[in-house]
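# Close look at the chain arrangement
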Amino acid sequence: MNDRSEPAAAVPRHVAIVMDGNGRWAKSRYMPRFFGHKQGVDALVRTVLACADRGVEYLTVFAFSSENWKRPTEEVSGLMGLVLVAVSKYLAKLAGDGVRVRIVGDRAQVSDKLREAWQHAEDSTRQNTRINLSVAFNYGGRWDIVQACRQAMAAGVRAEELDETKLNSYMALSYAPDPDLFIRTGGEVRISNFLLWQAAYSELVFTDCLWPEFGDEELDAALAQYARRERRFGAVSSRSALASAGS
Ligand code: IPE
Ligand code: IPE
Ligand code: MG
């Protein structure tokens, strides 16, 4: 284990993104919010491939939060329908480009059709290894912690056995390292119940860019910010450690 801080590795292994700003992007063009969500899917496909090109191993995106059910029924059903369209339009391309797709979130509340589309996306990309795309859908960080506790209890894990590693093994993203870089587009500076457990030491980057406009330039700007960060994980700064070693 490290007792010194480290400069961030040049490329983050795991990038998490809150894809926010679709509605405002559409509104600024006098278009319905749904148009923004549609363009948002294209931005996602671009971003997955751009991340893969740059050597990112895991990309986790927030597509629909546990709280997004509070939106008007029309918008919610539009989003559900868009998932089906997106899977039929882009899955073959992503699969051919080596993307492994996983869905994280509570599947109990979504329709059978959507569950089947998710399952198909997961099954048909299972062998892929170039980049791991996790789509957080009907996901909430608090839901994730509670469902992990429930699974641990159902498995008969005793209180004395439960530690951070054990609980993490029941979390939705147990297959991935913690996100190194957490990006939120759309100008809001909050986490909105995304990876509450996993983002404990993520480097945060907030940008005003609205999600449908997110592209190579924005991604590279976020990666450059990340590369300049000094990650300390609670340890002392490498600069002050060097200074005290010299005194
Ligand atoms: C993010 O964009 C996509 C979802 C939450 C589904 P929004 O729909 O939140 O767009 P804004 O924030 O209203 O502009
Ligand atoms: C967060 O965006 C959820 C997704 C991007 C899917 P919201 O637009 O729902 O977040 P708030 O309501 O502004 O916090
Ligand atoms: Mg929003």
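A brief look at the structure comes next. (Residues numbered from 1 in each chain as written. Chains lettered and ligands numbered in written order. Predicted model: local features only at pLDDT ≥ 70, side-chain atom pairs only at ≥ 80, totals over all residues. Heavy atoms only, no water.)

### Some thoughts on helix H2 (residues 33-53)
Helix length check: H2 (21 residues) gives 30 Å between terminal C-alpha atoms against 30 Å at 1.5 Å per residue, within 8%. Of the residues flanking the end of H2, it is Gly55, one or two places downstream, whose phi is positive at about 90 degrees. (Helix = DSSP H or I, 4+ residues; strand = E, 2+ residues; numbered from the N terminus. Expected span 1.5 Å × (residues − 1).)

### A short note on the packing of aromatic side chains
Within this structure, the stated rule accounts for 11 aromatic pairs. With centroids separated by 4.3 Å and ring planes inclined at 10 degrees, the aromatic side chains of Phe62 and Phe194 adopt a geometry described as stacked. Note that Phe62 is positioned in strand S3 (residues 58-65) and Phe194 in the loop between strand S6 (181-184) and strand S7 (203-206), a separation of 132 residues in sequence. Here Tyr139 and Phe194 contribute two aromatic rings whose centre-to-centre distance is 6.0 Å and whose plane-to-plane angle is 90 degrees, an arrangement assigned as edge-to-face. (Phe/Tyr/Trp six-rings, centres within 6.5 Å; stacked < 30°, edge-to-face > 60°.)

### Here's the deal with the packing of H2 against helix H3 (residues 73-96)
Packing of H2 against H3 brings their axes to within 10 Å, and their N-to-C directions diverge by 30 degrees. Considering the angle they form, H2 stands roughly parallel to H3. In this structure, H2 meets H3 at a crossing whose hand is right-handed. On H3, the residues that touch Arg33, Phe34, His37, Lys38, Val41, Asp42, Val45, Val48 and Leu49 of H2 are Glu75, Gly78, Leu79, Leu82, Ala86, Lys89, Tyr90, Lys93 and Leu94. (Axes fitted to C-alpha atoms, helices over the stretch in contact; angles between N-to-C directions. Parallel < 35°, antiparallel > 145°, perpendicular 65-115°, else oblique. Left-handed = near helix turned anticlockwise from the far one by under 90°. Contact = heavy atoms within 4.5 Å.)

### Here we look at the site of ligand 2
Around ligand 2, the neighbouring residues are Val18, Met19, Asp20, Phe62, Ala63, Phe64, Asn68, Arg71, Arg184, Arg190 and Ser192. One of the side-chain N or O atoms of Ser192 is found 2.6 Å from an oxygen atom in ligand 2. Summarising the interface, the protein chains cover 79% of the accessible area of ligand 2, which totals 390 Å² for the free molecule. Comparing atom positions with the cavity grids shows ligand 2 to sit within the largest pocket. Of all the elements, S3 adds the most residues to the shell around ligand 2, at 3 residues. Residue composition of the shell around ligand 2, grouped by class: 5 nonpolar, 2 polar and 4 charged. (Near = heavy atom within 4 Å. Polar contact = N/O pair within 3.5 Å; in protein donor to acceptor, adjacent residues only side chain to side chain. Areas by Shrake-Rupley, 256 points an atom, 1.4 Å probe, with all protein chains shown as cover. 1 Å grid on protein atoms, 1.4 Å probe; cavity = no way out; pocket = protein on both sides within 12 Å on 5 of 7 lines; lining within 4 Å. Sits in = over half its atoms within 2 Å of the grid points. Nonpolar A, V, L, I, M, F, W, Y, C, P; charged D, E, K, R; others polar.)

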